[in-house]
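What the coordinates show
The lines below spell out each chain.
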Amino acid sequence: MFEQLSQRLDGVFKKLTGQAALSEDNIKESMREVRRALLEADVHIQVAKDFAKKVEERALGREVLRKLNAGQQVIQVVHEVLVETLGGTAAGLVETREIPTRIMLVGLQGSGKTTSTAKLGFFLRKKRKKVPLLAACDVYRPAAMEQLQTLASEVGLHSHVELGETDAVGIATRALEQAKQIGADYLLVDTAGRLHIDDAMMDELEQMKQAVRPHQLLLVVDGMSGQDAITAAESFHARLGIDGVILTKMDGDARGGAALSIRAVTGIPILFLGSGERPSALEAFHPDRMAQRILGMGDVLTLVERAQEQVSEEDARKLEERLRKQTFTFEDFLDQLRKIRKMGPMEDLLKMIPGVGNRLPPGFSMDEKQFVRIEAIIQSMTHKERRKPEIIDGSRRKRIARGSGTSVQEVNRLLKDFQAMRKMMSQLTKMGPRKFMRMVRG
Ligand SMILES: Nc1nc2c(ncn2[C@@H]2O[C@H](COP(=O)(O)OP(=O)(O)O)[C@@H](O)[C@H]2O)c(=O)[nH]1
Ligand SMILES: [Mg+2]
C-alpha cells in the first residue's frame, strides 16, 4: 500500500531539498505536485486541496525560507499534516465493565465483515487475553454462517451459529444470552451487507442495532474501492452513527486514497487495517506510524512489536549470547527464519525498515520460494552438521544437495552466506548500541 504515493512524494522532496534556498514559489510549486500525487493516489479532492494548502501556510508561517535545511523542515510539516489528516492519535476497541462488551460490524457485501469479525476475535484473544464470542447474523448470503463458523473453529474461538435460521435479530439476541452464560468478554456481531446501499438494508441494521445495543459500531470498508469507500462511509454514518472503520484489503494494490480521506471527510477514525485473508492479518492503525511509512521513514515500532510477538526476552538473550560467541548454529538459523516468516510477508517487513520502503519498485515482491529452498537444505543436514557446519565437506555437500532437491552450488552459497553472517553478527553484537547506530546512519 502507498508505494506509488511514497515514491511521488519522495521525488517532490528530493527536488526541494536539493535547492540551496527556498522561495515562496518553490514551496507553492512543490505543493501543487503534492496535491497531484495525492489525487493520483485516489485521495478525495477536497482533502488533497486542504492538505496542500495547510502545508503551504504552515511552512510559510514558520518562515522556513531563510533557514538552513528548509527542505527538511517542509517534510516535517508534511509529516505533521499527514498525521492530523489520518486522525491524530490512534483509536482502538472499546473496553467496558459490562460482560460482554458488544461490537457490531456493518458494511457492504464483500467488504470483509465476516473475515474481520474473525480477525477481531483473534486479536482480542491473542493481544488482550480476552474471550470473544462470534455471532453469525448474516442470514442472506448463502454459506455466510458456515464461513464464520469455519473461521472461528480454525483459530479456536467460540461462535454462535444457527444454520437455517432466518431471523437475524433473534440470532443476535440468543448470541448475547450465550455470551453471558459462558462469561465471554466480548460479543462480536457479524451482519449481512448488500451490494449497494438501500433502505431495506439500513432498516434491518437499525433493528439489529436496537437489539444488540453495541458499545461500538464498526464499519468495514474495502480499501481498494477508493472513493466509493468514502461514499459508503458517509451513508452508513448518516443512518447508523459509526464509531470506527476497519479498512480491508490494504495488502492489494490499494493506492491508499481511502485511508487518507476517510477520517478527514467523515470524521470517523480508522481503527484497523486488514492486510490479508488470514485471521492474523489485522494491523492496529496508528496515524503517526502510517505517516512515517508513507514518507518512507519506515515503521520500526510495528516491526519491533511483531518481532516481540515471536521471540521471548529469554530467547532473545540466549540468541544474543550465541551470536556474540559465534556458536550460532544452523539450528538457530532455521528457528529464526521460521520466526521471521511468521511475522508476515517479507515485502511488508522490508517496507517498515527506514529508508527501504520508498526505494522498493512498485509491485515489488520477494521470492518466498527461496526460503523454502533454504529450509530444505538445512533440513537435509544431520544434527551434527547443523551444529558444526565446518565438517560439511565435498561429499556431504553432494548428499545435502541431493536430499533437498537443490544443487551443490546452492548448498555452497548457503554455507558461505552463513559463515559471513555469523561473523558480521558477532561483530555487531560486540559493538554496543552507540557504535551500532553510528554505523547504521553512516
Ligand atoms: N487480501 C485480502 N482479502 C480480504 C481481506 N479481508 C477480506 N478479504 C477477502 O474478501 C472476501 C470477502 O470477505 P468477507 O469477509 O466474506 O466479506 P463480507 O461479505 O463483508 O462478509 C473474502 O474472499 C475474504 O477472504 C483483506 O484484508 N485482504
Ligand atoms: Mg459476510
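This is a predicted model, so every value here is computed, not measured. (Residues numbered from 1 in each chain as written. Chains lettered and ligands numbered in written order. Predicted model: local features only at pLDDT ≥ 70, side-chain atom pairs only at ≥ 80, totals over all residues. Heavy atoms only, no water.)

So, about the site of ligand 1. The immediate surroundings of ligand 1 are formed by 18 residues, with Gly110, Lys113, Thr115, Arg141 and Asp251 found nearest. Here an oxygen atom of ligand 1 and a backbone polar atom of glycine 112 are 2.9 Å apart. One of the side-chain nitrogen or oxygen atoms of threonine 115 is found 2.5 Å away from an oxygen atom of ligand 1. Contact with the protein chains hides 82% of the accessible area of ligand 1, taken as 580 Å² for the molecule alone. If one sorts the elements of the shell around ligand 1 by residue count, helix α5 (residues 113-128) sits on top with four residues. (Near = heavy atom within 4 Å. Polar contact = N/O pair within 3.5 Å; in protein donor to acceptor, adjacent residues only side chain to side chain. Areas by Shrake-Rupley, 256 points an atom, 1.4 Å probe, with all protein chains shown as cover. Helix = DSSP H or I, 4+ residues; strand = E, 2+ residues; numbered from the N terminus.)

Moving on to the pattern of salt bridges. Scanning the entire structure with this criterion turns up 25 salt bridges. In this structure, arginine 58 and glutamate 80 form a salt bridge, with 3.1 Å as the shortest nitrogen-oxygen distance. Placement of the pair is arginine 58 in helix α3 (residues 45-61) and glutamate 80 in helix α4 (residues 70-85), with a sequence separation of 22 residues. On the basis of relative accessibility, which here comes to 23%, the residue arginine 58 falls in the partly exposed class. Residue classification places glutamate 80 among the partly exposed residues on the basis of a relative accessible area of 23%. Salt-bridge contacts for aspartate 203 lead to arginine 239; the nearest nitrogen and oxygen are separated by 2.8 Å. On the criterion of sequence distance, the pair formed by aspartate 203 in helix α8 (residues 199-212) and arginine 239 in helix α9 (residues 227-240) is long-range, its members being 36 residues apart. Under the relative-accessibility criterion, aspartate 203 is labelled partly exposed at 38%. A cluster of three or more residues bridged by salt bridges with shared partners is formed by Lys54, Arg58, Glu80 and Glu84. (Salt bridge = Lys/Arg side-chain N within 4 Å of Asp/Glu carboxyl O. Buried < 20%, exposed > 50% of the residue type's maximum accessible area, 1.4 Å probe, protein only.)

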